[in-house]
Each structure stands twice: as C-alpha cells, then as structure tokens.
Amino acid sequence: MVLNIADLFEHTVDLVPGRTAAICGEVRRGYAELEARANRLAHYLAGRGVGPGDHVGVYTRNAIEALETMLAAYKLRAVAINVNYRYVCAELRYLFDNADLVALVHERRFAHLVAEVLPEVPGLGHVLVVEDGTEDDYTAYGGVEYEEALVSASPERDFPERSPDDRYVLYTGGTTGYPKGVVWRHADVWRVLGGGMDFHTGVELDEWQQACQGPGASP
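This section reports on the structure supplied with the text. Per-chain numbering applies: the sequence of each chain, read as written, is numbered from 1 onward. Where totals are concerned, whole chains, interfaces and linings use all residues; where local detail is concerned, this predicted model gives features only for residues with pLDDT of at least 70, and gives and counts side-chain atom pairs only at 80 or more. Derived side-chain values reflect all non-hydrogen atoms in the structure, with water molecules and hydrogen atoms excluded from consideration.

**Focus: the pairing of strand E4 (residues 79–82)**
Remark: a regular strand shows side chains that alternate across the two faces of the sheet.
Item 1. A pair of strands is treated as paired once DSSP finds two or more bridges between them. Strands here are runs of E lasting at least two residues and helices are runs of H or I lasting at least four, both read from the DSSP assignment and numbered beginning at the N terminus. Bridge count between strand E3 (residues 55–59) and E4: 4 bridges; the pairing is parallel. Within the sheet, the bridge partner assigned to Gly-57 lies in E4 and is Ile-81.
Item 2. Consider the strands pointing away from the viewer: the crossover is right-handed when the path from the first strand over the helix to the second runs clockwise. Handedness of the β-α-β unit built from E3, helix H3 (residues 64–75) and E4 comes out right-handed.

**Notes on the packing of aromatic side chains**
Item 1. Here the aromatic set is Phe, Tyr and Trp, taking the six-membered ring for Trp, and pairing holds for ring centres within 6.5 Å; pairs whose planes are under 30 degrees apart are stacked, those over 60 apart are edge-to-face, and all others are tilted. Counted by the stated rule, this structure contains 5 aromatic pairs.
Item 2. Both rings, one in Tyr-59 and one in Phe-96, keep their centres 6.4 Å apart while their planes meet at 75°; by these two values the pair is edge-to-face. Taken together, the residues span a long stretch of sequence, with Tyr-59 in strand E3 and Phe-96 in helix H4 (residues 89–98) at a distance of 37 residues. Assigned by exposure class, Tyr-59 and Phe-96 land together as buried. Buried, partly exposed and exposed residues are distinguished by accessible area as a fraction of the type maximum, computed with a 1.4 Å probe on protein chains only: under 20%, between the cut-offs, and over 50%, respectively.

**Describing the environment of Val-105**
Item 1. Residue position: Val-105 is located in strand E5 (residues 101–107).
Item 2. When the C-alpha positions of Val-105 and Val-129 are compared, they lie 5.9 Å apart, and in sequence the two are 24 residues distant.

**Re the sheet that holds strand E7 (residues 144–145)**
Item 1. With respect to topology, 5 strands assemble into an open sheet ordered E4-E3-E5-E6-E7, the strand pairing being parallel. Since the sheet does not close on itself, it has two edges, and those belong to E4 and E7, each with one partner.

**Regarding helix H1 (residues 5–15)**
Item 1. Taken as a whole, H1 has its buried residues at Ile-5, Ala-6, Phe-9, Glu-10 and Val-13. Projected down its long axis, H1 carries its buried residues within an arc of 130°, all on one side. Those residues of H1 that are exposed and angled more than 90 degrees off the buried face are Asp-14 and Leu-15.
Item 2. Within 3.5 Å is the distance limit for a polar contact, defined as a pair of N or O atoms, with the added protein rule that one can donate a hydrogen and the other accept it, and that residues adjacent in sequence qualify only through two side-chain atoms. Where H1 starts, the residue carrying a side-chain oxygen 2.9 Å from the main-chain nitrogen of Ala-6 turns out to be Asn-4. Here the arc refers to the directions that run from the helix axis out to each C-beta atom.

As structure tokens, this is what we get:
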C-alpha cells in the first residue's frame, strides 16, 4: 500500500491526467500540468542541492504555487514548511532559523520582509519569488523568479523511491508564543486526513481492500 503523499498524487495523475486538480482565482491546473510543474520545481531545487530531509519554506497566501512547492518537496523526500503570511520580521526570523530552511518560495509582496530577515539566516541559500502584481525588490538578495526557474528545469518524473516514513511538518500558528513544528510521517497524514484508517475499528484501508478481495489477495 502506497502511503507517501507524492506517490499518492502521482498515482492520481496517472489515472486522471486531464481532470482539473486545482483552481485559484482565474488560474486552473489539470493533474498532468500540475505534475509537470511540480516536477520542474523539484528538479530545479535538486540542482541546487535540496534533497531528502531538507526544509523548503512556503511563504504565500493561498496559491497554486504553494501546492506545487509542497508537491515538489515531497517528490524529493524534502519537507515543505508552511510560513504564515501575517508574520512580521521577528516571527519570520525565528521560524526561518528554527525550521532550518535551506530554500524558500515566497510571493513578491513579502520581499521587503525577506530582505530584512535573510542576512540573519545564513543557511537559507535559495529563494524563489512568485510574481503577484506587486513591485517589491528581490534583486538585492538574489531572488529568482519562480516561472523562470520552472522553465529552466525538466518536467520528467524520474525521482528515487520514497518512504511512508518521510516527514510532514506543520508549524502551529504561534498565537500563545513562537510557532512550533509538529512532525508527522506521510503515512500518518494518509491515515488521519486521507481516510486511510477507520478509527472506530482500527482497521487500515489496505486491510479493507484485502477483505474485499478475498483470502490470499494482495492489497
């Protein structure tokens, strides 16, 4: 039974590549297009040394680029780290450092905040900027335009095998103090949020499949 989020997404892509996967405002992505763009971003990040266990910050409002970044990280067995777009410099400085970010994807409107914080987070070496119609300057810290990065990378799905034990980290809101990273495994996310377990019986989905298929059947 596949329990890795990236594997589950790719399985869906293979089944329904033409179906709409995400809509945000006027932007619409089908599964195949979303897959290709996430693959491009994953290859771009891998080419800059991002790999298994590395942390990639996602600093946007609700946007399809945020989804693409999360999928790209999972494809590499890296970890996507959510960044609250309402944070001010002190909170950003803390989270960027506490989460050990090595790369960041942010909307252009936050460039002035990133510019102030980045010098104090030396481990964060790669920054991609999502255009949003604003004019914040990101050239001073070497930010790379998101779409430019995607165009330069491969859309192919040629990543190493992944594990159900790959990590999923969710930073809390920090309303009573600084935010804290809560660590889950991909398998845990599938069981709890993806309907992979019946919590009344404790039976997992693969066991339900075996029961439906009969004795000796494989999930």
